[in-house]
Amino acid sequence: AQKVTQAQTEISVVEKEDVTLDCVYETRDTTYYLFWYKQPPSGELVFLIRRNSFDEQNEISGRYSWNFQKSTSSFNFTITASQVVDSAVYFCALSEVGNFGNEKLTFGTGTRLTIIP
Amino acid sequence: SQTIHQWPATLVQPVGSPLSLECTVEGTSNPNLYWYRQAAGRGLQLLFYSVGIGQISSEVPQNLSASRPQDRQFILSSKKLLLSDSGFYLCALDLTSGYTDTQYFGPGTRLTVL
């Protein structure tokens, strides 16, 4: 069965510091997708990134970067120069194919990130 | 672009009462739709998904049910709520069948069962 582990339950850093959120996954599929979502206090999940299992290139989007390492089954997320607006719960997720050929997501338990002004 | 509406935004219900949560989408046709539940301090659990009208797949045994009476409407129901049904319910959609795509989430319904 699919599994996503986010070992860091809560992290607090001072504004402008860099912070890395860890994600480790388990799957028997050879093709899969990995995701990161942000959940601000309002509750709605905001999509951040989707990564194909065949693409191990790191990705950077502004202050956000992602490190995908298949050898260690990890998909870590780094925020550089953190800001108060980055405070949220962050979820890592793994896809699998559902009964109808659609996508099903397995989520980690989330990491609550607090940026201290 | 697509928009997901969820109604109501918040709900307080007594144990044993019925439940109906609605999810409607705009700006797309024939989406795959999903219901997730997030219990307090926990991750998201997939409850149901649907790839079309009348097509529902259940992920976990429970006292909840789902229906899709129209292409852009997905309803989550219960005949008798339990305390353990409390949580944050999120509806999501993705736009592609037969190939993985990105799921986008609605604003959620916060349900408290007393």
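Above this note sits the structure.
Since this is a predicted model, take the numbers as computed values, not measurements.

Analysis parameters
- Residues numbered from 1 in each chain as written.
- Chains lettered and ligands numbered in written order.
- Predicted model: local features only at pLDDT ≥ 70, side-chain atom pairs only at ≥ 80, totals over all residues.
- Heavy atoms only, no water.
- Helix = DSSP H or I, 4+ residues; strand = E, 2+ residues; numbered from the N terminus.
- Rg over C-alpha atoms; globule rule 2.2 N^0.38 Å.
- Buried < 20%, exposed > 50% of the residue type's maximum accessible area, 1.4 Å probe, protein only.
- Contact = heavy atoms within 4.5 Å.
- Lys, Arg positive; Asp, Glu negative; His and termini not counted.
- Charge placed at Lys NZ, Arg CZ, Asp CG, Glu CD.
- Core = buried A, V, L, I, M, F, W, Y, C linked by side-chain atoms within 4.5 Å.
- 1 Å grid on protein atoms, 1.4 Å probe; cavity = no way out; pocket = protein on both sides within 12 Å on 5 of 7 lines; lining within 4 Å.
- Points joined across faces, edges and corners; volume = space filled by probe spheres on them.
- Nonpolar A, V, L, I, M, F, W, Y, C, P; charged D, E, K, R; others polar.

(A) Molecular detail of the overall build of chain B. Within chain B, the regular secondary structure consists of 0 helices and 11 strands. N-terminal to C-terminal, the α/β element order of chain B is β-β-β-β-β-β-β-β-β-β-β. Relative to the 2.2 N^0.38 estimate, which gives 13 Å for 114 residues, the radius of gyration of chain B is 13 Å and therefore close to what a compact globule would have. By its C-alpha atoms, chain B is 40 × 25 × 20 Å across when sized along the principal axes. When each of the 114 residues of chain B is scored for burial, the buried share is 49%. Residue pairs at least 24 apart in sequence account for 55% of intrachain contacts in chain B once pairs closer than 6 positions are excluded. Distance between charge centres in chain B, computed from 7 positive and 7 negative side chains, equals 11 Å.

(B) Structural detail: the nonpolar core. In this structure, A:W36, A:F77 and A:Y90 are the most contacted members of the largest nonpolar core, which totals 23 residues. Excluding its chain neighbours within four sequence positions, the residues that come into contact with A:F77 are A:V19, A:T20, A:L21, A:W36, A:L48, A:Y64, A:S65, A:W66 and A:Y90. Listed in part, the 20 residues of the second largest apolar core include B:C91, B:L93, B:L111 and B:V113.

(C) Representation of the layout of surface pockets in the model. In this model, the largest pocket occupies a volume close to 530 Å³. Considering the residues around the largest pocket, the lining is formed by 27 residues, among which A:Q39, A:V89, A:R112, B:Q38 and B:G41 are closest to the centre. No other element matches strand 12 (residues 111-116) of chain A, which puts 4 residues into the lining of the largest pocket. The class makeup of the residues in the lining of the largest pocket is 10 nonpolar, 13 polar and 4 charged. Estimated volume of the second largest pocket: approximately 370 Å³. As for the second largest pocket, its lining consists of 17 residues, of which B:R37, B:G43, B:L44, B:Q45 and B:L46 are closest to the centre. Elements supplying a minimum of two residues to the lining of the second largest pocket: strand 11 (103-107) of chain A together with strand 5 (44-52) of chain B.

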